[in-house]
Amino acid sequence: MSELRVGLIGGTGLGEALGLEQGGARRHEQIDTPFGRPSDTIVEANWGGATMLLLARHGPGHLLNPSQVPFRANIFALKQLGCTHILASGAVGSLREEFKPKDLVIPDQLIDRTTRRAGTFYEHAAVHVEFAEPFCPVLRQILTEAREEGASVHNGGCYVAMEGPAFSTRAESLMHRLWGGDLIGMTAMPEAKLAREAEIPYALIALVTDYDCWRHKPALKDAQEQQQKVDPHLLLKEIKGHLAAATENAVRLMKRAVELMSARREQLSACPALHALELAIWSDKSRIAPEEAKRLAPLWGRYFS
């Protein structure tokens, strides 16, 4: 692999935490795609022997809720800029006792419960990508090896993607556990599927902020403690505090992972997603409108030559 261009998709402030928005960074301000503009300016910087392409998923000031994120524009814009791999991060609630607040999880499976989001680039052709393993096994292995000794980073877990923006009811949370879900979040889909359609290997670092509502809080000891804990915003305050701590852990993991990726370019060339469209275009290419083939050329152009 001649050039490594890693897309980093995360929350507002990730670029500052990674130190990528300081001197020498290039800002791609006006990127147009067939699906509109991405959430935010994409910041390009060299770090760890690779080129980083940083994108804040929720836009400046975190104004876009999960249903409003322009997922197709985000992935298409990264593809236009030559992105070869994506490391994403996102906050999640835990559906399992062993996944504690502030822990990191590198999930290996997905259940999609989103309902209001465009889930494909290919609206005028039959394109069926393989998605049995939604997260790149090569990138997941690198992330696993990049964790610090003693760090609470879990390898594997099933991420349930919900529509939001409200959190789950307790009945829904218990149902997700029965389904085999380990984490509950709002942003991995359709992001992961669109990355596969764009032939970009994708892995996610899930930042555990809290236990989802399946878990009853421990009983309070006495009336005084009960009075101190009467705070209708306590859960949201806890989530924000845990998110800040988990973000610090994720930044360290991302930095080490990028260094490993830079040193293992031959290994990265084995990512299955790099050839996801090879057998996935079922439509007769000669019957696909030339303007449609051209419109999506950054994604599938090499299969029309």
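Reading guide: rules and limits
- Residues numbered from 1 in each chain as written.
- Predicted model: local features only at pLDDT ≥ 70, side-chain atom pairs only at ≥ 80, totals over all residues.
- Heavy atoms only, no water.
- Helix = DSSP H or I, 4+ residues; strand = E, 2+ residues; numbered from the N terminus.
- Buried < 20%, exposed > 50% of the residue type's maximum accessible area, 1.4 Å probe, protein only.
- Contact = heavy atoms within 4.5 Å.
- Areas by Shrake-Rupley, 256 points an atom, 1.4 Å probe, with all protein chains shown as cover.
- Salt bridge = Lys/Arg side-chain N within 4 Å of Asp/Glu carboxyl O.
- Phe/Tyr/Trp six-rings, centres within 6.5 Å; stacked < 30°, edge-to-face > 60°.
- Lys NZ or Arg CZ within 6 Å of the ring centre and 35° of its normal.
- Core = buried A, V, L, I, M, F, W, Y, C linked by side-chain atoms within 4.5 Å.
- Polar contact = N/O pair within 3.5 Å; in protein donor to acceptor, adjacent residues only side chain to side chain.

Some details on the overall build of the chain
Piece 1. Along its length, the chain carries 10 helices and 11 strands.
Piece 2. A burial count over the chain gives 50% of its 305 residues as buried.
Piece 3. The contacts in the chain between residues at least 6 apart in sequence include a share of 83% that link residues at least 24 apart.
Piece 4. When the accessible surface of the chain is split by element, carbon and sulfur atoms take 51% of a total near 14,500 Å².

Details of the pattern of salt bridges
Piece 1. Inspection of every chain in the model, using the stated rule, returns 14 salt bridges.
Piece 2. We note a salt bridge from Arg57 to Glu191, for which the minimum N-O separation is 3.0 Å. Residue Arg57 is located in the loop between strand 4 (50-56) and helix 2 (71-80), and its partner Glu191 is located in helix 5 (residues 191-197); the two are separated by 134 residues in the primary sequence. Both residues of the pair, Arg57 and Glu191, belong to the buried class.
Piece 3. Among the salt bridges present, the one from Arg264 reaches Glu145, with a minimum N-O distance of 2.6 Å. With Arg264 in the loop between helix 7 (234-263) and helix 8 (265-268) and Glu145 in helix 3 (residues 137-146), this pair connects stretches of sequence that are 119 residues apart.
Piece 4. Relative accessible area serves as the criterion here: at 37%, Glu145 is assigned to the partly exposed category.
Piece 5. A network of salt bridges, in which partner residues are shared, links Glu3, Arg5 and Glu44.

Quick look at the environment of Gly59
Piece 1. Relative to the assigned elements, Gly59 resides in the loop between strand 4 and helix 2.
Piece 2. Gly59 gets classed as buried once you look at its relative accessible area, which sits at 2%.
Piece 3. Between the C-alpha atom of Gly59 and that of Gly11, which follows or precedes it by 48 residues, the distance is 8.3 Å.

Some details on the packing of aromatic side chains
Piece 1. Evaluation of the coordinates by the stated rule reveals eight aromatic pairs.
Piece 2. Every member of this aromatic cluster is reached through a ring pair, and the members are Phe35, Phe76, Phe121, Tyr122, Trp300 and Phe304.
Piece 3. Over the ring of Trp214 we find Arg177, and its NZ or CZ is 3.9 Å from the ring centre.
Piece 4. The ring of Tyr211 has Arg215 lying over it, and the distance from NZ or CZ to the ring centre is 4.0 Å.

What to know about unusual backbone geometry
Piece 1. Note that the residue after Gly164, namely Pro165, is joined by a cis bond; omega there is 0°.
Piece 2. Note that Pro165 resides in the loop between strand 9 (158-162) and helix 4 (170-178).
Piece 3. Of note, the bond from Met189 into Pro190 is cis; its omega dihedral lies within 30 degrees of zero at 5°.
Piece 4. Locating Pro190 in the fold gives a position in the loop between strand 10 (183-185) and helix 5.
Piece 5. Phi at Lys102 is positive, roughly 85°, even though this residue is not glycine.
Piece 6. Note that Lys102 resides in the loop between strand 5 (85-94) and strand 6 (104-106).

A closer look at the nonpolar core
One recurring pattern in soluble globular proteins is that nonpolar side chains are buried together.
Piece 1. Residues Ile86, Phe121, Val127 and Trp300 are the most contacted members of the largest nonpolar core, which totals 51 residues.
Piece 2. When residues of this core are traced back to their parent elements, those giving at least two are strand 4, helix 2, strand 5, strand 9, helix 5, strand 11 (202-211) and helix 10 (297-300).
Piece 3. Counting residues per element, this core draws most heavily on helix 2, at six residues.
Piece 4. Setting aside residues up to four positions removed in sequence, Trp300 forms contacts with Tyr122, Ala125, Val127, Leu277, Ile281, Ile288, Glu292 and Ala293.
Piece 5. Membership of the second largest hydrophobic core comes to 32 residues, among which are Leu54, Leu87, Leu104 and Ala257.

Remarks on the side chain of His176
Piece 1. Structurally, His176 is set in helix 4.
Piece 2. Overall, His176 belongs to the buried group, its relative accessible area being 0%.
Piece 3. Separated by 2.9 Å, the side chains of His176 and Arg113 make a polar contact.

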